[in-house]
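Working through the structure, step by step
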Amino acid sequence: MITFEGVSFTHQGASSPVLRNIDITIPEGDLTLVIGRTGTGKSTFLNLINGLVPHFTGGTMHGRLAVDGLDTRTHPPRDLAGIVGTVGQNPRAGFTTDTVEDELAYTMESLGYSPDVMRRRVEETLDLLGLTNLRQRSLDTLSGGEQQRVAIGAALTAGPRVLVLDEPTSALDPAAAEEVLAAVARLVHDLAITVVMAEHRLERVIEFADHVVRLDGDLELEDPATAMAGNGLQPPVVRLGHALGWEPVPLSVRAARRLAPELRAAPFHPSPRRPGGDVVATVRRAGVTYGRRAALSDIGITLRTGQVTALMGRNGAGKSTLISLLGGSRRPDRGTVRLGDVDPAALRGPDLLQRIAYVPQDPTDLFYTDTVQRECAEADTDTSMPEGSAWSRLCELVDTVDPRTHPRDLSAGQQLALALAIQLSASTDVVLLDEPTRGLDYPGKVAFGTWLDRLAEAGSSVLVATHDVELVAVIADRVIVLADGEVVTDTDARTALTSSPSFAPQVQKVLAPLPVLTVEEACSL
Amino acid sequence: MSAPGLMLQSTANSRWLHPGAWWLWALGLGAAATRTTDPLILGLIVAVATLVVSARRPQAQWAGAFGVFVRVAAIVVVIRVFFAAIFGVRVGTTELFALPTVALPSWMAGVTLGGPFTAEMLVIALIQGAQLATLLICVGAANSLASPVRLLKALPSGLYHVGVACIVALSLAPRIMINVRRVMHARRMRGRPTRGLRAAAESAVPVLESSLDDAINLAAAMDTRGYGRSTATVPGERTLQAVLILGGLVGIALGLFGLLGATGWGWVILALGLALAVSGIGLAGRRVPRTRYRPDPWGWQESLTAVSGIGAAVVVSATAAGGLTVPLTWPALAPLALVSVLAAAAPAALTPSPPEPWGST
């Protein structure tokens, strides 16, 4: 279906190719997973298939790539639109219309399908992806998972043979991610569509995959089990299998559960997580309303020193609003927020920086200058700390960063480290992180986890909003779950993650009812 | 199988009125406003527009345009009065206050600066301001009632690419505002001031960078979805099409100019220009292989809406009494004009209500 013949690609201005000598034939009707560490060219690989690389991005391509017999050198993306459907990370960024039905019809309109064919295809797609109830809805009113399903539907209506998905679930909460992946699996099974997908969180997708392409490996089509064996990017269930020497290594929770009955019978004495010290921040009966919609209603929480708290909940449940209250970026419409005995909204300048460190979803929002060095120097001026403090903090977090690099050219993990380095001070009370792990691979998350651990050990209170249950299982001491602007769970991490199936990490699903959360804990059984 | 039944019911009760109908209605009312100096009729037009907007405005971001237009209209009236006080022709006898007169050089003999400001001048300025303000409010009503995306969908294929460029611009504007808010938030958290010139200058780079990223992402998405695909053309056809459209536009401009000059050939050139432009757009449309999914139908409600607006324009123009003269007199009651404007309120009740953004359940 898709044939790579000696394909290499070099970005414009780069000295060495990002992808080298790919010779792969992706068979029809299979789901192929593209994996690799951050920056190994997953998006480039996918965009080679839909023609955006090199037609849209520029750069130099060698070799030949044919999709359903069409050579991408002579067919720009718009000519491949009827054959390749593309879905990106952020569905909202690619919407061109304002209602569900119109969005589904857009590609067909561009390609000049006749009105009755369009009508029929839209109806079929609405049924296929379970969108019938949403047909007239405005796209802005949909949840993240619904938006992503509409984006997939919109890519499908023109009847493509190939679907290219670039981290389709990275912005979604666990339930919405499952909903989207179930839809994708159904497309492969029922419609025999060839799916090529990149995904960081392998725990969600590896069991659906027919083949795996490792971009930092041999660049071959591999069987998922083989690919997982010699690989630094392993989801928890695979790591568990390897650590315990299970043969064959399970790829799904179900397979692992079959191998683990004795393990589940073992005695387990969970080590308690950090209980936290003094209260540093309190939110009391706080409410925030956007227009007619209540974003938060009567929230009450406290943050304690020396503790990592995970803030979870569906997209739009109010996580970002709560973080902006604690950071003082907005005042609640009702109720109070206190940091010690001050209102965080009244803090300015160095006072603010000394007490609160904040890392937004996109860390680059914090950067103003064109080199890492100057960014660190500016941070020292802002915090009125001795010269070089931010830079030395950065060096503690990551090993090698060239101080002359542009902050936007850093990898996702390095950007996160730089954001932390410029935001932290000697006495930060509260560290607020708003979905920081989107672009991070497994090694990146491990590093991130140790940073937070160090911060908590040093006495800060860390609040991290995230959808990533596997990360929460490793780093969190306490979990707060928001739903519809209200706190529905506020308890220690082990209780929170073992009591709800949608928030349970893989290891817990394998070993339930034992309250085991991580591979390390499971190995100690 | 209750779903199809539900769906039929919802589409029968609420649907989008054709955006063209709203625009014809609003422009008709606006035209009526420019043809009358009767404050009663002007006031009634504003009332009718407000009533229809409040009855049929959908819940969407762009539907907030009406409020913005009303505010701009109010500012227009104030500015009109301000300029009348300074530059206005000195008429009337009821002096309110006097501004110092500025002596102007002899070559500017026709212009006066300052002098006495009279009640007559105030009334004339208010009415003239109100004419423009009413026109603006009518345009604002159209902007709130007709979805811009649907209007662009209804454009002929030849204008399709221009139309999409407009949609992209429309959808990026709110995203830029979101980016501004995000970056300002991040700025505050870095302990920097969020107000003042320096803040604006320093945050311009991240805002523009992320907005540019948004635009590039959208362009890439549209490219992969077949936007800009065109059928093969005979060389020379493109040139012909460009010549036709450009020639047509020049013709329209010249024709309108001729009409203003009240010479007889204005209509002819205008018609010729229109014909050229239409054929150029038609030719361009042949190259775009695009079709339309469920175009908004034109039913009796659309006809009624358009006719009620245009009717008001025709009747008000036909019955309009002369301009504003000093001494001021209250215009004679124009019952026919009042009724025609009142009739333009009919769409508030007789058109289908717009669909709810959260669905009809």
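In this text, all values refer to a predicted model and were calculated from it rather than measured experimentally.

Assigned secondary structure in chain B consists of 13 helices and two strands. Based on the C-alpha atoms only, the size of chain B along its principal axes is roughly 75 × 60 × 55 Å. Relative to its 361 residues, chain B shows a buried fraction of 33%. Pairs at least 24 residues apart make up 78% of the contacts formed inside chain B by residues separated by at least 6 positions.

All names here are of chain A. Taken in spatial order, the six strands make up an open sheet running 15-16-17-13-18-19, and their pairing is mixed. For this open sheet the edge positions go to strand 15 (356-359) and strand 19 (486-492), each flanked by a neighbour on one side alone. The average undirected angle you get between the axes of adjacent strands in this sheet is 15 degrees. For strand 13 (residues 307-312) and strand 17 (residues 461-465), the ladder comprises five bridges, and the chain directions are parallel. Note on strand 17: the bridge partner recorded for Ala 310 is Val 464. Against the sheet, helix 19 (residues 442-457) engages strand 13, strand 16 (430-434) and strand 17, with an angle of about 150 degrees to strand 17.

Our next topic: the sheet that holds strand 3 (residues 31-35) of chain A. Residue and element names in this part refer to chain A. Strand order in the open sheet formed by six strands is 6-7-8-3-9-10, and the pairing between neighbours is mixed. Of all strands in the sheet, those with a lone pairing partner are strand 6 (84-87) and strand 10 (221-222), marking the two edges. In terms of strand pairing, strand 3 meets strand 9 (residues 211-214) through four bridges, oriented parallel. Following the sheet pairing, Val 34 is matched in strand 9 by Val 213. Against the sheet, helix 1 (residues 42-50) makes contact with strand 3, strand 6, strand 7 (162-166) and strand 8 (194-198), and its axis sits at roughly 155 degrees relative to strand 7, the strand it touches most. On the sheet, helix 8 (residues 174-191) packs against strand 3, strand 7 and strand 8 and is oriented at approximately 150 degrees with respect to strand 8.

Time to look at the domain arrangement of chain B. Residues and elements named next belong to chain B. As far as domains go, chain B holds domain 1 (12-230 + 306-350) and domain 2 (236-287). Between the C-alpha centres of domain 1 and domain 2 there is a distance of 27 Å. With five residues of domain 1 at the contact, the number on the domain 2 side is five residues. Tallied by class, residues from the side of domain 1 that touches domain 2 come to two nonpolar, three polar and no charged.

All names here are of chain A. Contact geometry for helix 5 (residues 100-111) and helix 6 (residues 115-128): axes closest at 10 Å, N-to-C directions at 130 degrees. On the basis of their axis angle, the class for helix 5 and helix 6 is oblique. The two elements helix 5 and helix 6 meet at a crossing, and its hand is right-handed. On helix 6, the residues touching Glu 101, Leu 104, Ala 105 and Met 108 of helix 5 are Met 118, Arg 121, Val 122 and Thr 125. Of the residues contributing to the contact of helix 5 with helix 6, the split by class is five nonpolar, one polar and two charged.

Bringing the pairing of strand 7 of chain A into the picture now. Residues and elements named next belong to chain A. Here strand 7 lies mainly inside the structure; five of its five residues are buried. The alternating pattern of strand 7 places Val 162, Val 164 and Asp 166 on one face and Leu 163 and Leu 165 on the opposite face, and all of these are buried. Two strands pair when backbone bridges link them, and strand 6 and strand 7 are joined in this way by four bridges, in the parallel orientation. Pairing of Val 84 across the sheet is with Val 162, part of strand 7. Two strands pair when backbone bridges link them, and strand 7 and strand 8 are joined in this way by five bridges, in the parallel orientation.

Residues and elements named next belong to chain A. Contact geometry of helix 17 (residues 389-397) with helix 18 (residues 412-423) gives a least axis separation of 8 Å together with a crossing angle of 140 degrees. It follows from the interaxial angle that helix 17 and helix 18 lie oblique. Our pair here, helix 17 against helix 18, has a crossing hand that is right-handed. Contacts from Ala 390, Arg 393, Leu 394 and Leu 397 in helix 17 reach Ala 417, Leu 418, Leu 420, Ala 421 and Ile 422 in helix 18. Its residues assigned to classes, the contact of helix 17 with helix 18 shows eight nonpolar, no polar and one charged.

To continue, consider unusual backbone geometry. Residue and element names in this part refer to chain A. Following Glu 247, the chain continues to Pro 248 via a peptide bond in cis, the omega torsion being -15 degrees. Among the structural elements, Pro 248 can be located in the loop between helix 11 (236-244) and helix 12 (253-259). Note that the residue after Ala 512, namely Pro 513, is joined by a cis bond; omega there is 10 degrees. Relative to the elements of secondary structure, Pro 513 occurs in the loop between helix 22 (506-511) and helix 23 (519-523). With a phi angle near 50 degrees, Asn 21 is a residue other than glycine that sits in the positive phi range. Tracing the backbone shows Asn 21 in strand 2 (residues 19-26). Positive phi is not limited to glycine here, since Leu 219 has a value of about 55 degrees. Here Leu 219 shows up in the loop between strand 9 and strand 10.

So, how was this worked out
- Residues numbered from 1 in each chain as written.
- Chains lettered and ligands numbered in written order.
- Predicted model: local features only at pLDDT ≥ 70, side-chain atom pairs only at ≥ 80, totals over all residues.
- Helix = DSSP H or I, 4+ residues; strand = E, 2+ residues; numbered from the N terminus.
- Buried ≥ 20, exposed ≤ 12 C-beta atoms within 10 Å, placed from the backbone.
- Contact = placed C-beta atoms within 7 Å.
- Pairing = 2+ DSSP bridges.
- Axes fitted to C-alpha atoms, helices over the stretch in contact; angles between N-to-C directions.
- Domains from an automatic or database assignment.
- Nonpolar A, V, L, I, M, F, W, Y, C, P; charged D, E, K, R; others polar.
- Parallel < 35°, antiparallel > 145°, perpendicular 65-115°, else oblique.
- Left-handed = near helix turned anticlockwise from the far one by under 90°.

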